[in-house]
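# Architecture at a glance
Residues per chain, in single letters:
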Amino acid sequence: RNSHKAVYNAIYLNELKPVYLYPQKDLEFGINCGLNPSAIEELLIEHPDIKLVIITSPTYEGVITDISAISAIAHKKGVPLLVDEAHGAHLGFHQEFPQNSIKCGADIVIHSLHKTLPSFTQTGLIHVNGNLVDYDKVKWCLSIYQSSSPSYLLMSSIEKCITLMEDKGEELFETYRNNLKEFYNRMEQLKKIKILNPFNNKFFGVDPSKVTISVKGTNITGVQLYELLLEQYKIQMELVSVDYVLGMTSICDTIEGFYRLGDALLHIDDRIEFQNKEGNKGIISKEEGTYLQPKVVMSSYESLHSPIEKVLFSESNNRISVEYIYLYPPGIPLVVPGERISQQLIYQIKKYQEVGLNVLGTEDTEVNYIKVVRN
């Protein structure tokens, strides 16, 4: 379920019927965990007509799924595995970073060079492995969606990035790893703010380049921490959620930059307090923060080709949505066209808005109205 909207667009364009696998949530940090390989095996048995397994690893927060186990399970059924590893183009360049999905047996792997390596925006790679995927057909499909006038600036940027990794990758990643370790060790001084330490974690694997900073249990929200870092310390974070913010780092970051972030967090940690008994107004509980798993009534293609009407979102309970609703970033749909809206979803969306998170997807940017299938 926690896939990029491009996956949902592909489902719509090809009139597909998805079978969703929902990740579990870590209650301490409120982030998505990796996917359970046995759950994927069960779905492949329950739905023998599945043609492709698509998973996102690493997640936005850097949590990595056991790709080796899942690829072995999928291959037993003759089903290819596609891994959206957009945030993992840098993986595998150092022994203390997790291995990339190509080496772990995935059949198709997507990399966004521009997210985690030095390359221009819009530079991505698609890797095809094994014999379960028709390489020539992939090239043909790409020719449909790609421009017939490619950018030589972008292609040159890709080549420059790859050359840098070949020539200086080992040196750059050794320095990067040392900077990260020093930062995480220094952050052990924090008393109220918590940081997910990828070098000492409970997940299958966590990418150390993603810095997950939680203020859960304190008297400020993730949104307030985000604003403090931006306005008072001039530090731009990548993502903000209810109880945490996310910082992205790369081989381009300097030790001075890590110290700036560390100094800011230590200063904020001294100023905030643990949450009082009355609780923090507007904070969403751990139960409300889980996926609601709305019922799929029809495919997204069917819903978008049905008679449509616009209704107040507050009065849309039990109606079939014709629009997406998601938090951005990371853009994981809370409801997909063709799914039934519940009162719990309406309540959850309103809570997200009260906290100050970006709720997007509907034509009405304030989400006061939503398009639904006409009764």
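Report follows, based on the coordinates. (Residues numbered from 1 in each chain as written. Predicted model: local features only at pLDDT ≥ 70, side-chain atom pairs only at ≥ 80, totals over all residues. Heavy atoms only, no water.)

### Focus: the side chain of Ser-101
In this fold, Ser-101 is placed in the loop between strand 3 (81–84) and strand 4 (108–112). The exposure class of Ser-101 is buried, given its relative accessible area of 0%. With residues near it in sequence (within four places) discarded, Ser-101 still touches Ser-57, Ile-67, Val-83, Glu-85, Ala-106 and Val-109. (Helix = DSSP H or I, 4+ residues; strand = E, 2+ residues; numbered from the N terminus. Buried < 20%, exposed > 50% of the residue type's maximum accessible area, 1.4 Å probe, protein only. Contact = heavy atoms within 4.5 Å.)

### A short note on the sheet that holds strand 13 (residues 332–335)
Taking strand neighbours across the sheet as the criterion, the three strands line up as 13-12-14 in an open arrangement whose pairing is antiparallel. Two strands in the sheet have a free side with no partner beyond their single neighbour: strand 13 and strand 14 (359–360). Pairing analysis gives three bridges linking strand 12 (residues 325–327) to strand 13, with the strands arranged antiparallel. Pairing of Ile-325 across the sheet is with Val-335, part of strand 13. Against the sheet, helix 10 (residues 343–355) engages strand 12, strand 13 and strand 14, with an angle of about 130 degrees to strand 13. (Pairing = 2+ DSSP bridges. Axes fitted to C-alpha atoms, helices over the stretch in contact; angles between N-to-C directions.)

### Regarding the nonpolar core
In this structure, Phe-183, Ile-195, Ile-213, Leu-229, Leu-265, Ile-268 and Ile-349 are the most contacted members of the largest nonpolar core, which totals 55 residues. Elements that contribute at least two residues to this core include exactly helix 6 (152–186), strand 8 (210–214), helix 7 (222–231), helix 8 (255–271), strand 12, strand 13, helix 10 and strand 15 (369–373). A per-element tally of this core places helix 6 first, with eight residues. Contact partners of Leu-229, with chain neighbours within four places excluded, come to Lys-234, Ile-235, Met-237, Val-245, Leu-261, Ala-264, Leu-265 and Ile-268. Counting residues in hydrophobic clusters, the runner-up holds 17 residues, among them Leu-21, Leu-43, Val-79 and Leu-81. (Core = buried A, V, L, I, M, F, W, Y, C linked by side-chain atoms within 4.5 Å.)

### A short note on the sheet that holds strand 4
Pairing is mixed across the open sheet formed by four strands, whose spatial order is 1-3-4-5. A strand with exactly one partner marks an edge of an open sheet, and here the two such strands are strand 1 (53–56) and strand 5 (124–128). The mean inter-strand angle of the sheet, taken between neighbouring strand axes irrespective of direction, is 15 degrees. Set on the sheet, helix 3 (residues 67–76) makes contact with strand 1 and strand 3; between it and strand 3 the angle comes to about 150 degrees.

### A look at the packing of helix 6 against helix 8
One way to put it is that helix 6 packs onto helix 8 with a least axis distance of 10 Å and a crossing angle of 15 degrees. The angle between the axes of helix 6 and helix 8 places the two elements in the roughly parallel class. Considering how the two elements wind past one another, helix 6 and helix 8 form a crossing that is right-handed. Contacts from Tyr-176, Asn-179, Leu-180, Glu-182, Phe-183 and Arg-186 in helix 6 reach Ile-255, Phe-258, Tyr-259, Leu-261, Gly-262, Asp-263, Leu-265 and Leu-266 in helix 8. Taken together, the residues that form the contact of helix 6 with helix 8 break down as nine nonpolar, two polar and three charged. (Parallel < 35°, antiparallel > 145°, perpendicular 65-115°, else oblique. Left-handed = near helix turned anticlockwise from the far one by under 90°. Nonpolar A, V, L, I, M, F, W, Y, C, P; charged D, E, K, R; others polar.)

### Considerations on helix 6
Look at helix 6: only 43 Å from first C-alpha to last across 35 residues, short of the 51 Å you get at 1.5 Å a residue. By the N-cap criterion, in which a side-chain oxygen at the helix start approaches the backbone nitrogen of a residue two or three places on, helix 6 is capped by Ser-151, the distance to Leu-153 being 3.3 Å. (Expected span 1.5 Å × (residues − 1). Polar contact = N/O pair within 3.5 Å; in protein donor to acceptor, adjacent residues only side chain to side chain.)

### Things to note about the packing of aromatic side chains
Applying the stated criterion across every chain yields a total of eleven aromatic pairs. With a centroid separation of 5.5 Å and an interplanar angle of 85 degrees, the aromatic rings of Phe-97 and Phe-173 are classed as edge-to-face. Of the two residues, Phe-97 sits in the loop between strand 3 and strand 4 while Phe-173 sits in helix 6, which places them 76 residues apart along the sequence. Given a relative accessible area of 4%, Phe-97 falls into the buried group. The interplanar angle of 70 degrees and the centroid separation of 5.5 Å between the aromatic rings of Phe-183 and Tyr-184 together place this pair among those described as edge-to-face. Tyr-184 carries the same exposure label as Phe-183, and that label is buried. Here a set of aromatic residues connected by ring pairs shows up, and it is made of Tyr-8, Tyr-20, Tyr-22 and Tyr-324. (Phe/Tyr/Trp six-rings, centres within 6.5 Å; stacked < 30°, edge-to-face > 60°.)

### What to know about the pattern of salt bridges
Under the definition given, this model contains nine salt bridges. One salt bridge connects Glu-96 with Arg-177, and the closest N-O pair in it is separated by 2.4 Å. Within this pair, whereas Glu-96 is found in the loop between strand 3 and strand 4, its partner Arg-177 is found in helix 6, the two being separated by 81 residues in sequence. Across the salt bridge formed by Lys-371 and Glu-363, the nearest N and O atoms sit 2.9 Å from each other. What emerges from the salt-bridge pattern is a single network uniting Glu-96, Glu-174, Arg-177 and Lys-181. (Salt bridge = Lys/Arg side-chain N within 4 Å of Asp/Glu carboxyl O.)

### A closer look at a nonpolar patch on the surface
A contiguous nonpolar patch, built from Leu-13, Trp-140, Ile-144 and Tyr-145 and spanning about 510 Å² of accessible area, is present on the exposed surface. In terms of residue count, the dominant contributor to the nonpolar patch is helix 5 (residues 135–145) (three residues). Mapped onto the elements, Trp-140 comes out in helix 5. (Patch = residues over 30% accessible without salt bridge, like charges linked within 9 Å, V, L, I, M, F, W, Y side chains within 5 Å. Areas by Shrake-Rupley, 256 points an atom, 1.4 Å probe, with all protein chains shown as cover.)

Shape descriptors only; they carry no functional weight alone.
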